[in-house]
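Here is how the chains run, residue by residue.
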Amino acid sequence: MNFILWVFAAAFWAGAYFLGLYICKKFRKLKNNVNLVSIIIASLIAVPMVMQIKTKPITYAIGYSIVAPFLITTLVHLIYAGFKKKRNKTVFNDEFYFGYSGVLLMVYLFGLFI
């Protein structure tokens, strides 16, 4: 039972990564504007939002809106890059930030509804 839960969680977050990757590649405006600066701003906006909605301390909010999405995105991106035939030399490329935006979107939705 516990293994099934882990598989479901991994598939869910991988789906969020690929959703962000697909959406950002599809729309030219997002493709041009999703970068390191916009991801940092979106992550910092999530901190007070999580603190207000969840009524938790700042350490919980930072872990929820900055650390956890970064670790999830890095793990999924490294696995995805390992399966690709054409590899990039840098880990933090445009695909990373596109996937990170999808994970951040899910974090925002989780913060609002759960």
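Residues numbered from 1 in each chain as written. Predicted model: local features only at pLDDT ≥ 70, side-chain atom pairs only at ≥ 80, totals over all residues. Heavy atoms only, no water.

### Some remarks on the packing of aromatic side chains
Put simply, the rule is: Ring pairs are drawn from Phe, Tyr and Trp, using the six-membered ring of Trp, whenever the two centres fall within 6.5 Å, and their geometry is named by plane angle: stacked under 30 degrees, edge-to-face over 60, tilted for the rest. Going along the chain from the N terminus, every DSSP run of H or I of four or more residues is numbered as a helix, and every run of E of two or more is numbered as a strand. Type-normalised accessible area, obtained with a 1.4 Å probe on protein chains alone, sets the label of each residue: buried when under 20%, exposed when over 50%, and partly exposed for intermediate values.
Under the defined criterion, the tally for this structure stands at 10 aromatic pairs. With a centroid separation of 6.1 Å and 25° between ring planes, the pair formed by Phe70 and Phe92 is classed as stacked. Taken together, the residues span a long stretch of sequence, with Phe70 in helix H4 (residues 58-83) and Phe92 in the loop between H4 and helix H5 (94-113) at a distance of 22 residues. Overall, Phe70 belongs to the partly exposed group, its relative accessible area being 35%.

### Structural notes on the pattern of salt bridges
For clarity, the threshold we go by: In what follows, salt bridge is the name for a side-chain nitrogen of Lys or Arg lying within 4 Å of a carboxyl oxygen of Asp or Glu.
Going through the model one piece at a time under the given rule, you end up with 1 salt bridge. Its salt-bridge partner being Lys25, residue Glu95 comes within 3.2 Å of it at the nearest N-O pair. One end of the pair, Glu95, is in helix H5; the other, Lys25, is in helix H1 (residues 2-26), and 70 residues separate them in sequence. A relative accessible area of 13% places Glu95 in the buried class.

### Re a nonpolar patch on the surface
Formally: Residues form patches when they are more than 30% accessible in relative terms and have no salt bridge. Like charges link within 9 Å. Nonpolar side chains (Val, Leu, Ile, Met, Phe, Trp, Tyr) link within 5 Å. Using a 1.4 Å probe, the Shrake-Rupley method yields the accessible areas, and only the shown protein chains count as cover for residues.
On the surface, Met51, Ile58, Ile62, Val67, Phe70, Leu71, Leu78, Val91 and Phe92 cluster together into a nonpolar patch covering about 740 Å² of accessible area. At 6 residues, H4 tops the list of elements feeding residues into the nonpolar patch. The exposed category is assigned to Leu71, whose relative accessible area is 53%.

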